[in-house]
Each structure stands twice: as structure tokens, then as C-alpha cells.
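What follows is the residue order along each chain.
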Amino acid sequence: MRFPLVFLLGLGIGLAHAPCPAHAHGAHQHGVAQLMVAVEGPTLTLRLESPLDNLLGFERAPRTEKERAAAEALLGRLKRGEGLFALTQAAECALASATVDAPVLQGGKAAAGHADLAAEWRYSCRAPDKLTGLRVLLFRDYKRLTRLEAAVAGPRGQRAARLSARAPDLAW
Ligand SMILES: [Zn+2]
């Protein structure tokens, strides 16, 4: 789904579909990432945009076996959507699709020494009316990620929240 333009502009978040989102709006700040949440009928869409450094500790193509393994583990985990977010259990949401876009890890080159990763997960929920929030689990394993700027477009309107390891819960 596309996040409504007015919603994104209102929260000061760049267009998710710009060619190089983080650099386009200057959001590439190590330690900080953006999470966009959209609830529409039975579908929950989460989009994470993060400097690669937050998740991997480097922002270039892997050079050693250890770095290659770390990059593959990260991409695999994001694609499986495991242990990243805990959704309201009663809503019975299941991951329907996941896409990960990290050009520097996928054969592309980084611009200006920095690189970003964008991932999008789409869940299908059997009881979407019971879906009232999520807990971000990313902070547990990715210690370099200290702050998540979240923006929600949900059934009761839009809101923004700042999440961290001490405040990982997002309700809407
Ligand atoms: Zn960087």
C-alpha cells in the first residue's frame, strides 16, 4: 500500500517511494530509524527505513566471511519477519509478504559512504479490530539502534511516537 502523502508530509517523513529516501530528506542519522505503520481493513503494513549501520555496524559491501555471514543473516531474518515485532496476539495476524531493499548488500554501491536499508512487511489479520498495537523487538538484538521514529495511520487516525529499548510499545 502507499502511505497517504498528506500523512507523511504532516509528520515530516519523506516519501517512501523516493529513489533514495533517507538521503532525500536528510534522515540518515546513526542510531535512529523510521517505522511507518498503516492499518487498512485486515492488512497491516510496516515499513522500516534505517541506516545500515544500526543493523549491521557497517555501511558497505561485506569484505570478510564474518561480514558476509552477518549480512546474510540480517537479510534472511528481515525477510522471514521473525522476532522483529510482536503484534496483538488476539488479532491473529500472519505475515503475507516481506521485501527488503538494501542496495549495498545486494550488489549495489553506497553513495557518499552511507547506506540505508528499507524493509516492508505486510500482514493479514483475521481479527483486525483486535489489533491495537505492537511491540518493537528490534532493540534487543540491534543495540546500535537507539531510537525509532514511528508514524501510524490507523483506524482512529494518525499519530507519531518515539520508541526506544525502554519504550518499545506502540499503541493505536
Ligand atoms: Zn551512515
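Keep in mind it's a predicted model, so treat the numbers as computed, not measured. (Residues numbered from 1 in each chain as written. Predicted model: local features only at pLDDT ≥ 70, side-chain atom pairs only at ≥ 80, totals over all residues. Heavy atoms only, no water.)

Q: Looking at this structure, I do not really get the pattern of salt bridges. What am I missing?
A: Two side chains of opposite charge can pair, provided their charged atoms sit close to one another. For the coordinates displayed, the defined rule picks out 12 salt bridges. One salt bridge connects Asp141 with Arg77, and the closest N-O pair in it is separated by 2.8 Å. Of this pair, Asp141 sits in helix H5 (residues 138-141) while Arg77 sits in helix H4 (residues 65-80), and the two are 64 residues apart along the sequence. Since its relative accessible area comes to 44%, Asp141 is described here as partly exposed. Arg77 sits in the buried class, given a relative accessible area of 17%. Here Arg147 and Glu149 are joined by a salt bridge, their closest N and O atoms 2.7 Å apart. Taking relative accessible area as the criterion, Arg147 reaches 25% and is therefore assigned partly exposed. Sharing partners across several salt bridges, the network here consists of Arg47, Glu49, Glu120 and Arg122. (Salt bridge = Lys/Arg side-chain N within 4 Å of Asp/Glu carboxyl O. Helix = DSSP H or I, 4+ residues; strand = E, 2+ residues; numbered from the N terminus. Buried < 20%, exposed > 50% of the residue type's maximum accessible area, 1.4 Å probe, protein only.)

Q: How should I be thinking about the sheet that holds strand S9 (residues 169-171) in this particular structure?
A: Within a sheet, neighbouring strands are paired by backbone hydrogen bonds and run either parallel or antiparallel to one another. With antiparallel pairing, three strands are arranged side by side in an open sheet as S3-S6-S9. The strands lining the two open edges of the sheet, one partner per strand, are strand S3 (85-87) and S9. Pairs of neighbouring strands in the sheet enclose a mean axial angle of 20°, with direction left out of account. (Pairing = 2+ DSSP bridges. Axes fitted to C-alpha atoms, helices over the stretch in contact; angles between N-to-C directions.)

Q: What exactly am I supposed to notice about the state of the cysteines here?
A: Each disulfide consists of one covalent bond between the sulfur atoms belonging to two cysteines. Evaluated as defined, the whole model comprises one disulfide. In this model, Cys93 is linked to Cys125 through a disulfide, with the two sulfur atoms separated by 2.1 Å. On the S-S bond that ties Cys93 to Cys125, the torsion sits near 105°, and the link is right-handed. Of this pair, Cys93 sits in strand S4 (residues 93-101) while Cys125 is found in strand S5 (residues 116-125), placing the two residues 32 residues apart along the sequence. Classification of Cys125 by relative accessible area gives buried; the value is 6%. (Disulfide = S-S within 2.5 Å.)

Q: Please explain the nonpolar core as it appears in this structure.
A: What tends to happen in soluble globular proteins is that the nonpolar side chains get buried as a cluster. Counting residues in hydrophobic clusters, the biggest one holds 43 residues, and the most contacted among them are Leu44 and Phe85. Among the elements that take part in this core, S5 stands out by supplying five residues, more than any other. Setting aside residues up to four positions removed in sequence, Leu44 forms contacts with Val37, Ala38, Val39, Leu87, Trp121, Arg122, Tyr123, Cys125, Leu131 and Trp172. (Core = buried A, V, L, I, M, F, W, Y, C linked by side-chain atoms within 4.5 Å. Contact = heavy atoms within 4.5 Å.)

None of this, on its own, says anything about what the molecule does.
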